[in-house]
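Residue-level structure breakdown
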Amino acid sequence: MLPPAADRPKLQATFAQLSAAIEDLLLGGLTTATDATKQTIHNALQEAARFRLLRFGGTMRTVVDDLARFAKHDPTLSRRRLTLFLNRAWLQSRGLAHALRVGDEALFDRLNWTPPARPVPAVEAVCLGVAKKVTASVVIFDFRLRALAAAGPVAAGQRFSWSAVFPVKPGQAIPPEGFLHLPQKQKFALTALLERKAIAVTSATVSGEDTEFARLSLTEASTVTLGKPFADWGRYLAWSPDRALARLETHAAGPLDLETELQEEVVLRDYEIGAPVAGEEPGQTAYPITAGHLSLHAVVGAGVEGKALKKGLDDLRKPKKGRPPLFGLMHYERCRLVFQPLATFPASGPDYLTISKESVNKATLLKALNFN
Amino acid sequence: MDEIAELRDALDRLHAAMDDLVVRGVRSAGATEVAKLVALRDEFRTAGAEHLAEKLGTLLDAVKDGDRSAAPALMRAVTTFRLFDRVLTLEVAKTHLTPPEDPVAEE
C-alpha cells in the first residue's frame, strides 16, 4: 500500500537523496564519505522505520553497519557484502522513488514486500538447530523449529524459525551464548528452547508464502513454556534432494535476491568431512563435505561466531563408526551447494553444534550488561 | 577447464573488480583497472553474455570520460552481473542435486 499522499513528496525526496548519496560515494570512493552523506543514509534508515518499510530498512541497516566497519578498518568487513547491499539500497531507493512518483502501488508493494502475518493461538514445536550470527553490533540466534501437530495455519511437521536479535553495545564483552540466559519479555530464557523438550507457544503469529516454511513472531502477549522431553527426533531426519530440486524448478531469480533467501533444511547421513581450509571472507573456515553424490561447501564463521561449530566439525572428522545424522541449512552461492551445519542427532537427541558448551557466569553477565 | 568453470572464474574476477571500484571509487580507476574491465567485457561477449558485456561497455565509456554517469553505470553493471551469476548458480545447483543416472537401470 502506498503511504498517505501528504507523506509521499518527502519520502520521494529521501529516496532520491539516498540514491544520489550512494552515487557520490561510488564516484569518490568510500573514504570520501562526508558527514552529509552519512546523514542522508541515516535519514533514509529513520524514514524506513517510520513508514515500516521493513525490507528497505533491513538493507539500510546492513549498509550503515558495513560503512561503520569500513571506517573503523574492521578486518572482518566483507567487501563483497558491502557492494551487494549498496547495490540493493540504490536499486530499492530508485525503484521506490519511481513507484511514488507515478503512483504505482503494485511496484511499491513488490519492492517493499513483507509476507502477511497470520495469528497462531497455540502451537507445540521442537528445536532442531540454531544458526548463530555475531557482528560488532548485534548477536542473532535463529531457531529452526518443527511443529509437533497441526495448529491453525501451521501444518503438522511444518518447518518454521524464530529469530532473537540482541544489540551489542560498544565495549560490551560477553560471550554470544550469554544472551541465551537473558529473560525475554515473555518470561522465558532462550536456553529453554535447547532442552530437547516440546515447546508450547501461544498468541504468536507466522508469516511466509511457502506452505512448508514460515517465520514465527512472538508478541508481548505470547507465552513460551516447556512440555515433556521429546525423543522421537527420527521422524524429522528423512531428507532427499527432491524438494530442493522442485523449488529450483519453479524459482525465478530476481535482482533483489539474497542467496540465503532460497534455503533448504538438509539432513546428511553417511557423510565425510574433509580437511578445513581458509574461507573466502576474512576469518572464515571452509570444510568440504561429501554425502552420496552431493558435494557441499560448509562455511564456519570467523572468531567467536564459529568457534563452537569449528570444534564440533573437527570432532566429527575423527574416524569413528557411524557418524550421527547432520542437520543444517543449504543455499546456493557461486555455483556451489553451501552448507551451514547446525546440529547432529546421536541417539540421545540433538547436539546443537553452533552453541558453545562453555558455562556462562551469570553474575559476570549481569555486570557486563549493567543490570545490577 | 570446462565452460562453467571458465564462466565462474570470470565472474569471480568481475566480482573482485567491481568491489575494488565500489571501495576506491570509479574516479580512481586508472589504465590497469580499465584494461581489466575491457578484458572481462570481451570475455563475457565471447561467452555469449552480450547483455552483461554491454553494461560493462557503458561503464567503461563513462569511466574513460570521467563522467558522473559512471556511478549509475557501475550499479547497473553490478545488478546485471549479480543476476547473471544467480541464474548460472541455480542452474549448476540443479545438476549438483540431481542424482546420477543408474547405469544398470539404463541397460
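Residues numbered from 1 in each chain as written. Chains lettered and ligands numbered in written order. Predicted model: local features only at pLDDT ≥ 70, side-chain atom pairs only at ≥ 80, totals over all residues.

1. Regarding the overall build of chain B
Summing up its helical and strand segments, chain B has five helices and zero strands in all. Helices and strands in chain B line up, N terminus first, as α-α-α-α-α. In summary, chain B has a C-alpha radius of gyration of 17 Å against a globular reference of 13 Å for 107 residues, an excess of more than 25%. Considering only C-alpha atoms, chain B reaches an extent of 65 × 20 × 20 Å along its principal axes. Every one of the 107 residues in chain B was classed for burial, and the buried ones make up 31%. For chain B, contacts bridging at least 24 residues in sequence account for 49% of all contacts bridging at least 6. (Helix = DSSP H or I, 4+ residues; strand = E, 2+ residues; numbered from the N terminus. Rg over C-alpha atoms; globule rule 2.2 N^0.38 Å. Buried ≥ 20, exposed ≤ 12 C-beta atoms within 10 Å, placed from the backbone. Contact = placed C-beta atoms within 7 Å.)

2. Comments concerning the overall build of chain A
Of the regular secondary structure elements, chain A holds eight helices and 13 strands. What you see for chain A is a C-alpha radius of gyration of 22 Å, in line with the 21 Å of a compact globule of 372 residues. With the C-alpha coordinates of chain A rotated into their principal frame, the extents come out at 65 × 55 × 45 Å. The contacts of chain A with a sequence gap of at least 6 include a subset with a gap of at least 24, amounting to 58%.

3. Some thoughts on the interface of chain A and chain B
Across the contact, 31 residues belong to chain A and 35 residues belong to chain B. Secondary-structure elements contributing two or more residues to the side of chain A that touches chain B are α1 (8-28), α4 (79-102), α6 (242-250), β10 (294-300) and β11 (326-333) of chain A. Class assignment of the residues belonging to the side of chain A that touches chain B gives a composition of 17 nonpolar, eight polar and six charged. (Nonpolar A, V, L, I, M, F, W, Y, C, P; charged D, E, K, R; others polar.)

4. A word on the confidence of the model for chain B
Mean pLDDT over chain B stands at 92; residues scoring 70 or higher make up 94%. On the interface metric, ipTM, the complex scores 0.91, and its pTM is 0.90. (pLDDT = per-residue confidence, 0-100.)

5. A few points about helix α2 (residues 35-50) of chain A
Residues and elements named next belong to chain A. Its 16 residues place the ends of α2 22 Å apart at the C-alpha level, agreeing with the 22 Å of an ideal helix rising 1.5 Å per residue. Within α2, burial applies to T37, I41, A44, L45, E47 and A48. Down the axis of α2, the buried set is contained in an arc of 165°. They therefore lie on one face. The exposed residues of α2 that point more than 90 degrees off its buried face are D35, A36, Q39, H42 and Q46. The inward-facing, buried residues of α2 contact α1 and α3 (54-71). The first or second residue beyond α2 is R52, which carries a positive phi of 55°. (Expected span 1.5 Å × (residues − 1). Arc of directions from axis to C-beta.)

6. Re the domain arrangement of chain A
Think of interface size as the accessible area that goes away when the parts come together; that is how it is often given. All names here are of chain A. On domain assignment, one finds that chain A holds domain 1 (5-111), domain 2 (117-232) and domain 3 (238-344). Using only C-alpha atoms to locate each centre, domain 2 and domain 3 end up separated by 22 Å. Contacts between domain 2 and domain 3 engage eleven residues on the former and nine residues on the latter. With seven residues, the single largest contributor to the side of domain 2 that touches domain 3 is strand β1 (residues 117-134). (Domains from an automatic or database assignment.)

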